Amino acid sequence: MAIRVFYFTYFPYFCILFSITNMLELKISHCVAEAVSQLYAIKMEAKNITLQKTRKEFEGDFTVAVFPFVKASRKAPETTASEIGNFIKTNLDEVEDFNVIKGFLNLQISKTYWINFINSNNIDNFGFKEIKDTNPVLVEYSSPNTNKPLHLGHIRNNLLGWSVAEILKANGKQVVKVNLVNDRGIHICKSMLAWQKWGNGETPETSGLKGDHLAGKYYVLFDKYYRAEITEMIANGIEKEVAEKQSSLIKEAQDMLRKWEAKDKATIDLWEKMNGWVYKGFDETYKRLGVDFDKIYYESNTYLLGKRIVDKGLTDNILIKKEDNSVWADLTADGLDEKLLLRGDGTSVYMTQDLGTAELRFNDYQASQMIYVVGNEQNYHFDVLKLILKKLGYSWADSIYHLSYGMVELPAGKMKSREGTVVDADDLISEMETTAYEKALELGKIDDFESEEAKQLYYTIAMGALKYFILKVDPQKNMMFNPSESIDFNGHTGPFIQYTHARIKSLLRKADWKVNCDLNENISFLTKEKEIIRIIHEYPSIIMQAGENRSPALIANYAFELAKEYNGFYQEIPVFKEENEDLKNFRLVLSAFTANVLKSAMGLLGIQVPERM
RNA sequence: GGUUCCGUAGCUCAGUUGGAUAGAGCAACAGCCUUCUAAGCUGUGGGCCACUGGUUCGAAUCCAGUCGGAAUCACCA
């Protein structure tokens, strides 16, 4: 996005650089600041002046609440607002009129401004900033374990991570999408051991199971036998805690982990074989979800990292060693606890590895920021991670940002793999497709579709519904998913917005319309039309906010607002019946612009919009 | 018990840095297809913004406390 130099004629030393995206708002803010300075001799920073959208029930486009100025003006709020309004009207071309209600100054933007806005911005990448060639932002997301298939919680993670990455790109950031695959450890050995013991050589091919589901099956099987063994041991009078540690199964799994770490050939072969199945399964799910990665880190390569960092921390007396040789970070002075970094036997823990991988990826990319999309159950972990890195003196510690998102809850509570209450990702996507198919059939939507196009449409709508359902919720909040009430296709949903887009496209096809973006300035538009323009005008600033807050929800709710407004227009105002060619052209341009922005916004969420549905 | 996050309509959610009479969708009810796609539009009903106090011209929003829920405080990841 080009940075534009701009200055006020009446206030020449306001020669400010800023992005074009919210130029109008900035101009108005500056003008208000100048007004109160000249009228009441008070200094006010333009950025401290709150400019809001005028509420629908009042006339105007932007509103300034003048209450903060009445002390200085020593006049009634109404008078103060009128005086400021007059100042703005005479000094700012874009503002053609104003009205005052109580202490609220409602400004009306000139038609010329809106028309120029449409004429010069109706382009494909409207609202996007040009990507600058600087140090990239890393976004880590997904980060699955290779012992079980993905579930609804992972879906939220993947959709969030992918979308946030796209939103950052739209904000001009260079982005690297990173996945850190947890492919080793005791939980992986559990699946391996169970398969070895009870699998009879079963493979994805022989079983017809997707590789990740096959591995998950044996993970569950391990747990079943493990619990049975413990139950039996308890019956024989052994304490539960003791039984859990003495169980022959867990000992075998631990033994397998030791063999893996010793690079025992047979163990490594088995590990590679089973992980291979899982990756194939994951790839399929990722593809259906439409997410991708620029770089995949494997924990089997990184799990030994971090020890060197810890050693250095010891030498520098930042970390402490206890008598059993374990190494700790004492964070009690910062209100946190002591954190273990190396066990007495010198092996590392999760935190140690994360210290190491943070340094690794910083060095790999010279990242300007490292975002971790990880559930809010790990808030403490990331607080500690940042703090330790800071204590160890890494300048980039502050560039770590934990994008913490809330859990997906079921009516029965949290999802638990072992209790079989998880909503499987693959199953859910398939169910959504079936629902989309049934719905389309019921509505007679696909009667003239080729089978391939119809199939594509079910997928598009199914994913639109699913992705929108998840992304419209503020990331940091927990969200509820009720499997018995399938995700809606009407109302505040993805398909609603997709439908609006398809409708516009149909309109444009029928119009056999040739692009004429040079709108005639003499047209007059109706309230509904102006409202659509105003919403479109907001898009660049919504992208910025979504980037700053790392929140696809802002984009999602914005797209709904625009689609809803457009549908109202579509219902009430006919396009083809309009005899005035300039007006007809304007409505088509407005429709096309709306379709563009809907497509763009949904694109940031990873949602396709169909040409017809 | 300590720390953090959350509490808005029957349900699911908006409400960005304090601003006008708190908004959508779903569900319920009543309308709108010889007219650009009815997966749409219009209307009705539905609220002590958990509670109490404070800050100020003004609080769902900021502060403190209370109550309710969640997460976390592992030599698991």
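An account of the accompanying structure is given in this report. (Residues numbered from 1 in each chain as written. Chains lettered and ligands numbered in written order. Predicted model: local features only at pLDDT ≥ 70, side-chain atom pairs only at ≥ 80, totals over all residues. Heavy atoms only, no water.)

1. Concerning the protein's contact with RNA strand B
Near RNA strand B, the surroundings consist of 62 residues, among which Asp-324, Arg-343, Lys-445, Tyr-499 and Tyr-570 are the closest. Within 4 Å of the protein, the atoms of RNA strand B are drawn from sugar and phosphate moieties in a proportion of 61%. In the environment of RNA strand B, a phosphate oxygen lies 3.0 Å from a nitrogen or oxygen atom belonging to the side chain of Ser-506. A distance of 2.6 Å separates a base nitrogen of RNA strand B from a polar atom in the backbone of Met-613. Where the surface near RNA strand B is concerned, the elements lending two or more residues are strand 4 (62-65), strand 6 (104-109), helix 16 (425-442), strand 17 (479-480), helix 18 (494-511) and helix 20 (552-572). In terms of residue count, helix 18 provides more of the surface near RNA strand B than any other element does, seven residues in total. (Near = heavy atom within 4 Å. Polar contact = N/O pair within 3.5 Å; in protein donor to acceptor, adjacent residues only side chain to side chain. Helix = DSSP H or I, 4+ residues; strand = E, 2+ residues; numbered from the N terminus.)

2. Things to note about unusual backbone geometry
Its identity is not glycine, yet Lys-263 carries a phi of approximately 60 degrees, on the positive side. With respect to the helices, strands and loops of the structure, Lys-263 is situated in the loop between helix 10 (248-261) and helix 11 (265-289). Accessibility expressed as a relative area gives 65% for Lys-263, which makes it exposed. In this structure, Arg-550 takes a positive phi of about 50 degrees despite not being glycine. Mapped onto the fold, Arg-550 is located in the loop between helix 19 (527-549) and helix 20. A residue is classified by how much of its surface remains accessible, and Arg-550, at 13% relative accessible area, is buried. (Buried < 20%, exposed > 50% of the residue type's maximum accessible area, 1.4 Å probe, protein only.)

3. Details of the packing of helix 18 against helix 21 (residues 581-604)
When two helices pack together, their arrangement is given by the angle between the helix axes and the distance between those axes. At their nearest, the axes of helix 18 and helix 21 sit 9 Å apart, and the two run at 145 degrees to each other. Of the two possible hands of crossing, helix 18 and helix 21 adopt the one that is left-handed. Residues Gly-494, Ile-497, Gln-498, Thr-500, His-501, Ile-504, Lys-505, Leu-507, Leu-508 and Ala-511 of helix 18 touch helix 21, and the partners they reach there are Leu-588, Ser-591, Ala-592, Thr-594, Ala-595, Leu-598, Lys-599 and Met-602. Considered class by class, the residues forming the contact of helix 18 with helix 21 number 10 nonpolar, six polar and two charged. (Axes fitted to C-alpha atoms, helices over the stretch in contact; angles between N-to-C directions. Left-handed = near helix turned anticlockwise from the far one by under 90°. Contact = heavy atoms within 4.5 Å. Nonpolar A, V, L, I, M, F, W, Y, C, P; charged D, E, K, R; others polar.)

4. Let's talk about the sheet that holds strand 12 (residues 338-342)
On the basis of which strands lie adjacent, the open sheet formed by three strands has the order 10-11-12 and antiparallel pairing. Every interior strand has two partners, whereas the edge strands, strand 10 (320-321) and strand 12, have only one. Bridging between strand 11 (residues 327-330) and strand 12 involves four bridges; their strand directions are antiparallel. Across the sheet, residue Asp-330 finds its bridge partner in strand 12, namely Glu-338. In the packing of helix 13 (residues 307-315) onto the sheet, the strands contacted are strand 10, strand 11 and strand 12, and the crossing angle to strand 12 comes to about 120 degrees. (Pairing = 2+ DSSP bridges.)

5. Quick look at helix 11
Here helix 11 contains 25 residues, and its C-alpha end-to-end distance of 35 Å stays within 8% of the 36 Å for a straight helix at 1.5 Å per residue. In the segment just after helix 11, Gly-290 is the residue with positive phi, at about 75 degrees. (Expected span 1.5 Å × (residues − 1).)

6. Section: the sheet that holds strand 17
If you trace the three strands from one edge of the open sheet to the other, you get 16-15-17, paired in mixed fashion. Of all strands in the sheet, those bounded by a partner on one side alone are strand 16 (413-414) and strand 17. Alignment of strand 15 (residues 408-410) against strand 16, held across two bridges, turns out to be antiparallel. Within the sheet, the bridge partner assigned to Glu-409 lies in strand 16 and is Lys-414.

7. What about helix 8 (residues 211-235)?
The terminal C-alpha atoms of helix 8, which comprises 25 residues, lie 37 Å apart, in line with the 36 Å expected from a rise of 1.5 Å per residue. Backbone geometry just after helix 8 places Gly-237 at a positive phi near 90 degrees.

8. Considering the packing of aromatic side chains
For the structure shown, the criterion picks out 25 aromatic pairs. An angle of 75 degrees between the planes, with centres 5.4 Å apart, marks the rings of Tyr-113 and Trp-114 as edge-to-face. What makes Trp-114 buried here is its relative accessible area of 1%. Measuring from centroid to centroid gives 4.7 Å for Tyr-141 and Phe-293, while their planes differ by 35 degrees, and the two rings are tilted. One end of the pair, Tyr-141, is in the loop between strand 7 (137-140) and helix 5 (152-170); the other, Phe-293, is in the loop between helix 11 and strand 9 (295-298), with 152 residues separating them in the sequence. A residue is classified by how much of its surface remains accessible, and Tyr-141, at 0% relative accessible area, is buried. Taken together, the ring pairs in this structure connect Phe-117, Phe-126, Tyr-539, Tyr-558 and Phe-593 into an aromatic cluster. The ring of Tyr-303 is capped by Arg-184, whose NZ or CZ atom sits 4.1 Å from the centre of that ring. (Phe/Tyr/Trp six-rings, centres within 6.5 Å; stacked < 30°, edge-to-face > 60°. Lys NZ or Arg CZ within 6 Å of the ring centre and 35° of its normal.)

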